[in-house]
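# Structure assessment
The chain contents come next:
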Amino acid sequence: MKEFPTFRAAAVQTSPVFLDADGTVEKAAQLISKASENGAKLVVFPESFVPGYPYWNWITDPVTGSEWFEKLVKASIFVPGPEIDVVCAAAAACNVYVVIGVNERSKTSLGTLYNTLVFIDPLGQIMGKHRKLVPTWAEKLTWTGGDGASLTVYDTDIGPLGGLACGENTNTLARYSLLAQGELVHTASYISLPVAPADYDMAEAIKLRAMSHSFEGKVFTVVSTSTISEEIIEEMEKIRPDARQLMERKSSCYSGVIGPDGRSVGDELIDEEGIAYADIDLTRCIQPKQMHDIVGHYNRFDIFQLTVNRTKQHPIRQSDNQEIAKDEPSDAQASQER
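Here goes a summary of the coordinates provided. From a predicted model like this one, the values you see are computed outputs, not experimental measurements. (Residues numbered from 1 in each chain as written. Predicted model: local features only at pLDDT ≥ 70, side-chain atom pairs only at ≥ 80, totals over all residues. Heavy atoms only, no water.)

When helices and strands are counted, the chain shows ten helices and twelve strands. For the chain, whose C-alpha radius of gyration is 19 Å, the value lies close to the compact-globule estimate of 20 Å for 338 residues. Its C-alpha atoms give the chain principal-axis dimensions of about 55 × 55 × 45 Å. Counting the 338 residues in the chain, one finds 54% classified as buried. Taking all contacts inside the chain whose residues are at least 6 apart in sequence as the whole, residues at least 24 apart take part in 71%. About 15100 Å² of surface is accessible on the chain, with carbon and sulfur atoms providing 51% of the total. Averaging the locations of the 31 positively and 46 negatively charged side chains of the chain gives two centres separated by 3 Å. (Helix = DSSP H or I, 4+ residues; strand = E, 2+ residues; numbered from the N terminus. Rg over C-alpha atoms; globule rule 2.2 N^0.38 Å. Buried < 20%, exposed > 50% of the residue type's maximum accessible area, 1.4 Å probe, protein only. Contact = heavy atoms within 4.5 Å. Areas by Shrake-Rupley, 256 points an atom, 1.4 Å probe, with all protein chains shown as cover. Lys, Arg positive; Asp, Glu negative; His and termini not counted. Charge placed at Lys NZ, Arg CZ, Asp CG, Glu CD.)

Before going further, it helps to examine the nonpolar core. By size, the foremost hydrophobic cluster in this structure holds 33 residues, and its most contacted members are Y55, L193, M236 and M247. Of all the secondary-structure elements, those providing two or more residues to this core are helix 2 (56–59), helix 3 (62–75), strand 8 (185–190), helix 6 (202–217), helix 7 (230–237), helix 8 (243–247) and strand 10 (254–258). Among residues more than four places away in sequence, those in contact with M247 are Y55, P194, V195, I228, I232, I233 and M236. Within the second largest apolar cluster, 30 residues are counted, among which are V12, A21, A91 and V98. (Core = buried A, V, L, I, M, F, W, Y, C linked by side-chain atoms within 4.5 Å.)

Further remarks concern helix 6. Helix length check: helix 6, at 16 residues, gives a terminal C-alpha distance of 23 Å against a target of 22 Å (1.5 Å per residue), a fit within 8%. Looking at the buried residues of helix 6, the elements they touch are helix 5 (172–179), strand 8, strand 9 (220–225), strand 10, strand 11 (264–270) and helix 9 (286–291). The distance from a side-chain oxygen at the start of helix 6 to the backbone nitrogen of A203 is 3.3 Å, and the residue carrying that oxygen is D201. (Expected span 1.5 Å × (residues − 1). Polar contact = N/O pair within 3.5 Å; in protein donor to acceptor, adjacent residues only side chain to side chain.)

Summarising the element assignment, E83 is placed in helix 4 (residues 82–94). The side chain of E83 sits in the buried core without any salt bridge; R105 is the nearest counter-charge, 8.0 Å away. Apart from the residues lying within four places of it in its own chain, the contact partners of E83 are A21, D22, V25 and I77. (Salt bridge = Lys/Arg side-chain N within 4 Å of Asp/Glu carboxyl O.)

The next subject is the sheet that holds strand 1 (residues 6–13). Pairing is mixed across the open sheet formed by six strands, whose spatial order is 5-4-3-2-1-12. Pairing within the sheet leaves two strands with one partner each, and these edge strands are strand 5 (126–131) and strand 12 (274–281). Direction aside, neighbouring strands of the sheet carry axes that sit 25° apart on average. Sheet contacts for helix 1 (residues 21–37): strand 1, strand 2 (40–44), strand 3 (97–105) and strand 12; angle to strand 12, the most-contacted strand, approximately 45°. (Pairing = 2+ DSSP bridges. Axes fitted to C-alpha atoms, helices over the stretch in contact; angles between N-to-C directions.)

Right, let's talk about the environment of Y176 for a bit. Of note, Y176 is situated in helix 5. In sequence terms Y176 and V86 are 90 residues apart; their C-alpha atoms lie 33 Å from each other. Setting aside anything within four residues of it in sequence, one finds Y176 in contact with I294, V295, N299, F301 and L306.

Below, the structure is given as structure tokens:
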């Protein structure tokens, strides 16, 4: 990186149009336009934003939840595909980078969904996608895990850009693998989880993870968390009559930007809907790294080594050792499809 960009980041805190992919991407496009009008060059959306998060996993049994899993599969999207094209078009129209969480369908299995972050450039092109490596706790009833191929940092004109979904931001090795690729702008996408244990403050936990990553890596972290709408509560009341009591708990979501010293910069949102803005200056990463650069001089690579398997995983291999990559088109193929 020859220059040290300065730019405005926007962290969106809102709810999806629940289980409606078309409605949700249209909402995302409107929010991208709004953020751009306020000077944002990077717009970050929550985890699994399109078309929503499987809250039923946390409030009912697996058999009852299976019907809702079917609804989610039917409402989920392919990447690339027509729904994400709407977001790409908005990114191009506004000349901004976008990171957005989606439920991604598999082209080889009707029963497989990925919790995926899609990275889009200002030309409206998909730079790549990251599939959450390990679904958290009850999420294992919905999502399968991704692979190391998507642990990628993108070289952009706003700096080296990477991201993880929700609980992955607690995974020290996953975070380190991005830092070791030169990440300076980290995106952390979350969902509001008011059904967590009673002594667990979700908003505080989200912010703490962002502070940890920023302070350890001397980077900026842009945090975007979804909210729970009246629509979502009413849908979950169909499963469990006391769902409202469970899902209206306060201090359940946080959005904002954390700087390389571990302190917040710009706006912060807790629970309420909106867009949190912050101005990022990557020169602020330099002096903190002089003291502690865990991917540079403040480490001992002769003692510690991290190996990451970047091989894409597929359900079958040909006898001639050629992988059938039906579920994961190459970048060139994806470009042609677009």
